[in-house]
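Single-letter residue listing:
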Amino acid sequence: MTALTIELVPAFDDNYIFLAYDREDGVAAVVDPGDEAPVLKRLEALGLTLTHIFNTHHHFDHTGANLALKDRFGLTIAGPKNEADKIPGIDIELGEGDRFTFGSHEAQIFDVPGHTAGHIGWWFERDEALFIGDTLFALGCGRLFEGTPAQMWDAMSRLRQLPPQTKVYCAHEYTMGNAAFAVTVEPGNQDLLNRVEDIKKMRADNIPTVPTTIGLEAATNPFMRPDSPNLQQTIGLDGGDLVAIFAETRTRKDQF
Ligand SMILES: [Zn+2]
């Protein structure tokens, strides 16, 4: 049994597409392919043929290359059941509690509505990897285009219970902007302040801040920390309801 190999493929201005493959098993997936060209270039360098596309949600920068890649490779597309009508070429519809077998690997599927109504997360428990699209970002969370703060907080509170070493593959490099906001709502979090310094160095050297980990996000991401007394005091909702605190944090980020 080998571990899943996972690679980042930068696309557009700030998207990350991921390749997940196991040569022994003869499986290779691309996660959320918004653009075909960078994926093909990397596949050629690796000498890989795609067998699957995994989608997290329907936005075009995550699905735009679905049909072109399906035409080229005859691959299988698996994606969210609750917005299947918006996923080009979908073959396998997945939702909460489903398990997806990928060679000798297995993903558990979570429904994480909020950014879109049918958004799913893919958790490969044994490989300690989470493909989470635009739901959880390094120091941030997705905008609530189709869902409510209560739904998004429910997703965040579930994700933070995953093993802390779980690698989080989020689909955008938004970390510098998220960091600038995070320090305004939890200025007393020393772990956060230390991380922001690390992030500045990484970005100055053009190093991706993705993947992050569940443990790092639970300690520093304001959208996973509505129960932080420092955050609550800063936004003026001391001891308040966690959904209300999450919602106020999200609103402030929208206006930041
Ligand atoms: Zn999106």
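Bear in mind that the values here come from a model prediction, so they are computed numbers and not experimental data.

### Concerning the layout of surface pockets
Point 1. Taken as a whole, the largest pocket holds about 210 Å³ of empty space.
Point 2. Taken together, 14 residues line the largest pocket, and the ones lying closest to its centre are Phe-137, Cys-141, Gly-142, Arg-143 and Tyr-174.
Point 3. If you add up the space inside the second largest pocket, you get close to 170 Å³.
Point 4. Lining the second largest pocket, in full, are Pro-10, Ala-11, Phe-12, Asp-13, Asp-14, Asn-15, Tyr-16, Glu-173, Arg-203, Asn-206, Ile-207 and Pro-208.
Point 5. Listing elements by their share of the lining of the second largest pocket, those giving two or more residues are strand S1 (5-11) and strand S2 (15-22).

### Comments concerning the packing of helix H5 (residues 175-185) against helix H9 (residues 242-255)
Each pair of packed helices can be summarised by the angle the axes make with each other and by the distance between the axes.
Point 1. Following both chains from N to C, one finds H5 and H9 inclined at 130°, their axes separated by 11 Å at the closest point. In this view, H5 runs oblique relative to H9, as classed from their interaxial angle. Relative to H9, the crossing made by H5 is right-handed. Listed contacts from H9 to Gly-177, Asn-178, Phe-181 and Val-185 of H5 are Thr-249, Arg-252 and Lys-253.

### Observations concerning the coordination of the zinc ion
Point 1. Taken together, the protein ligands of the zinc ion are His-57 (NE2), His-59 (ND1), His-115 (NE2) and Asp-134 (OD), with distances of 2.2 to 2.3 Å.
Point 2. Given four donor atoms and angles of 90 to 167° at the metal, the environment of the zinc ion is assigned as irregular.
Point 3. Written as a sequence motif, the donor residues of the zinc ion are H-x1-H-x55-H-x18-D. Taken together, the residues span a long stretch of sequence, with His-59 in the loop between strand S4 (52-54) and helix H2 (60-63) and Asp-134 in the loop between strand S10 (129-133) and strand S11 (136-137) at a distance of 75 residues. Asp-134 matches His-59 in its accessibility class, with the two residues each being buried.

### Some words on the pattern of salt bridges
Point 1. With the rule as written, the count across this model stands at 13 salt bridges.
Point 2. A salt bridge links Arg-72 to Glu-36; the nearest nitrogen and oxygen atoms lie 3.3 Å apart. Taken as a pair, Arg-72 in helix H3 (residues 66-73) and Glu-36 in the loop between strand S3 (27-31) and helix H1 (37-46) lie far apart in primary sequence, 36 residues in all.
Point 3. Taking the shortest distance from any N to any O, the salt bridge between Asp-254 and Arg-250 comes out at 2.7 Å. Residue Asp-254 and its partner Arg-250 are both found in helix H9; the two are separated by four residues, about one turn of the helix.
Point 4. Its relative accessible area of 4% is what places Arg-250 among the buried residues.
Point 5. Members of the salt-bridge network, linked through shared partners, are Arg-143, Arg-250 and Asp-254.

### Brief notes about the pairing of strand S5 (residues 76-80)
Point 1. In terms of burial, S5 is a largely internal element, four of the five residues being buried.
Point 2. With three bridges connecting them, S4 and S5 associate as parallel partners. Looking at S5, one finds that Phe-54 is bridged to Ala-78.
Point 3. Note that S5 and strand S6 (residues 92-94) share three bridges and pair parallel. The residue of S6 that forms the bridge with Pro-80 is Leu-94.

### Focus: the side chain of Asn-15
Point 1. Considering the arrangement of structural elements, one finds Asn-15 in strand S2.
Point 2. Residue Asn-15 is classed as buried on the basis of its relative accessible area, which comes to 6%.
Point 3. Once residues lying within four places of it in the same chain are set aside, the contact partners of Asn-15 are Val-9, Pro-10, Asp-61, His-62, Ala-171 and His-172.

### A word on the state of the cysteines
Point 1. Applying the stated criterion across every chain yields a total of zero disulfides.
Point 2. There is no disulfide at Cys-141, and the cysteine sulfur nearest it, in Cys-170, is 12 Å away.

### So, the packing of aromatic side chains
Point 1. One pass over the structure, following the stated rule, counts 16 aromatic pairs.
Point 2. Relative to Phe-124, the ring of Phe-102 lies with its centre 6.3 Å away and its plane at 65°, an arrangement referred to as edge-to-face. Note that Phe-102 is positioned in strand S7 (residues 99-102) and Phe-124 in strand S9 (residues 120-124), a separation of 22 residues in sequence.
Point 3. Considering the side-chain rings of Phe-137 and Tyr-174, the 5.0 Å spacing of their centres and the 70° angle between planes classify their relative orientation as edge-to-face. Of this pair, Phe-137 sits in strand S11 while Tyr-174 sits in the loop between strand S13 (167-170) and H5, placing them 37 residues apart in sequence.
Point 4. Residue classification places Tyr-174 among the partly exposed positions, given a relative accessible area of 33%.

### Let's talk about the sheet that holds S9
Point 1. Spatially, the six strands line up as an open sheet ordered S7-S8-S9-S10-S13-S14, and their pairing is mixed. At either margin of the open sheet sits one strand with a lone partner, and together these are S7 and strand S14 (212-213).
Point 2. Judged from the four bridges that link them, S7 and strand S8 (residues 105-111) form a sheet pairing that is antiparallel. Paired with Phe-102 across the strands is His-105, a residue of S8.

Procedures and definitions
- Residues numbered from 1 in each chain as written.
- Predicted model: local features only at pLDDT ≥ 70, side-chain atom pairs only at ≥ 80, totals over all residues.
- Heavy atoms only, no water.
- 1 Å grid on protein atoms, 1.4 Å probe; cavity = no way out; pocket = protein on both sides within 12 Å on 5 of 7 lines; lining within 4 Å.
- Points joined across faces, edges and corners; volume = space filled by probe spheres on them.
- Helix = DSSP H or I, 4+ residues; strand = E, 2+ residues; numbered from the N terminus.
- Axes fitted to C-alpha atoms, helices over the stretch in contact; angles between N-to-C directions.
- Parallel < 35°, antiparallel > 145°, perpendicular 65-115°, else oblique.
- Left-handed = near helix turned anticlockwise from the far one by under 90°.
- Contact = heavy atoms within 4.5 Å.
- Donors = N, O, S within 2.8 Å, 3.2 Å for Na, K, Ca; no water.
- Tetrahedral: all angles 85-135°; square planar, octahedral: opposite > 155°, others 65-115°.
- Buried < 20%, exposed > 50% of the residue type's maximum accessible area, 1.4 Å probe, protein only.
- Salt bridge = Lys/Arg side-chain N within 4 Å of Asp/Glu carboxyl O.
- Pairing = 2+ DSSP bridges.
- Disulfide = S-S within 2.5 Å.
- Phe/Tyr/Trp six-rings, centres within 6.5 Å; stacked < 30°, edge-to-face > 60°.

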